[in-house]
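Topology and contacts: notes
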Amino acid sequence: MLKKLLLACICLAMLISAGTGLWVWQGLQGLEEPVALEEPVLFNVPQGASFTAVAQRLESQGLVGQSLWLRLYGRLFPDQAHIKAGDYEFLDGMSPKAMVSLMVSGDIKHWYVQFIEGWTFREMREALARAERLQQVTGDWTDEQIMSAVGAEGEHPEGRFFPDTYAFTGNETDLDVLKRAFSKMETVLAEEWEAREEGLPYDNPYEALIMASIVERETGAPGERDQVAGVFVRRLQKGMRLQTDPTVIYGMGDSYKGRIGRKDLRTHTPYNTYRIDGLPPTPIALPGRDSIHAALHPDDGDALYFVARGDGSHKFSRTLTEHQKAVRAFQLNRRQDYRSSPAPEDGSSGNDGGAG
């Protein structure tokens, strides 16, 4: 009788154990089932959050059925419990185990802000202010405060930040992005300056940056950058004024309404290259690497003038007589669809541009 009772207890224990094992197995298997999401879910893991706390939040947000199985999974596989802080994007069809793997890998969600070649520093700051999920700390700062914060106290901000697409996380600030853009411009300019051609009319890299910004604003046609740079370099070498409209426009500031009049060309500002000798005091826009390269490797032709054709390209001329003929042909008899640079992607219009 005792033996039968003992055997029955053993059988019962085995059944309970088997049932429990099946129950646990089914629970853990559920962590591999895809979760249906109507749209991507952004899930934040705070710094120092425990695996248990994260599992409970996943349950409360309906991303996992019962946090019990996720917590048990973390105990059975300790390496899968070492999650990293940050914002994670969960997509439709991901399983709870896949979500955990994402958090263990630290593959946090990134957002992007783009600075376009030829933008001014003000336009760059406006783009930063619009950037989704980017923490704003410099919104009410002056330009002077920003330059001090990036390590260039007392310097002018125009042209000092590299135009590019920058990725950032939800824990980063606009100042973090500014520091990266400033550092990248320093690096690019130093690299290009080191490989520059000899005999250029620049005393330092900053003057080359100024020239690059003018080239950037004068043409959006990649094949013309070195030609435009060549015209300006030769004019400087001959003691001729640059006479370029984009510098005039920059000096006009908010008073520019889309056209330059004769009065504007006669008005003396530090940026009116029809009235000043040499380069303006600062860059006038954000130049890209191609424009910096062109400023330091200008075309070695003999053109001293150019004028926008109206189709996005320019007519280059060697003499003033040739240039005046080109002006009559392309500027005084404009087509309705006239433009001085290739149609930009953002829909903004080009300026009249030109040297002469």
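This text goes with the structure placed above it.
Fair warning: this is a prediction, and the values are worked out from it, not measured in the lab.

Here's the deal with the environment of L200
- Within the fold, L200 resides in the loop between α7 (174-194) and α8 (205-218).
- Every residue in contact with L200, bar those within four places of it in the chain, is listed here: V233, A295, L296 and P298.

Remarks on unusual backbone geometry
- Even without being glycine, R133 reaches a positive phi, approximately 70°.
- Counting through the fold element by element, R133 comes out in the loop between α5 (121-130) and α6 (143-149).
- Unlike most non-glycine residues, Q243 shows phi in positive territory, near 50°.
- Examined against the element boundaries, Q243 turns out to sit in the loop between α9 (225-237) and α10 (245-252).
- Residue classification places Q243 among the partly exposed positions, given a relative accessible area of 21%.

What to know about the pattern of salt bridges
- Per the counting criterion, the structure on display carries 14 salt bridges.
- Between D164 and K184 there is a salt bridge, with its nearest N and O atoms 2.3 Å apart. A residue pair is termed long-range when its members are at least 10 positions apart, and D164 in the loop between α6 and β4 (165-168) and K184 in helix α7 qualify at 20 residues.
- Residue D164 is classed as partly exposed on the basis of its relative accessible area, which comes to 25%.
- Judged by its relative accessible area of 31%, K184 is partly exposed.
- Here the residues in one salt-bridge network are E117, E216, R225 and D290, joined through shared partners.

Quick word on α10
- Most of α10 sits inside the fold, with six of its eight residues counted as buried.
- Considered for burial, the residues of α10 that qualify are D245, P246, T247, V248, I249 and M252.
- Its buried side turned inward, α10 meets α8 and α11 (262-266).

Rules used throughout
Here, residues in each chain are numbered from 1, in the same order as that chain's written sequence. Selection of residues for local features in this predicted model requires a pLDDT of at least 70, selection of side-chain atom pairs for listing and counting requires 80 or more, and totals for whole chains, interfaces and linings are taken over all residues. Only hydrogens and water are set aside when side-chain values are computed; all heavy atoms of the structure are taken into account. Helix numbering and strand numbering both begin at the N terminus, where a helix is a DSSP run of H or I of at least 4 residues and a strand a DSSP run of E of at least 2. Contact criterion: two residues are considered in contact whenever any of their non-hydrogen atoms come within 4.5 Å of each other. Exposure classes here rest on a 1.4 Å probe applied to the protein chains alone. A residue is buried below 20% of its type maximum, exposed above 50%, and partly exposed in between. Take a side-chain nitrogen of Lys or Arg and a carboxyl oxygen of Asp or Glu: if they are within 4 Å of each other, that pair is a salt bridge.

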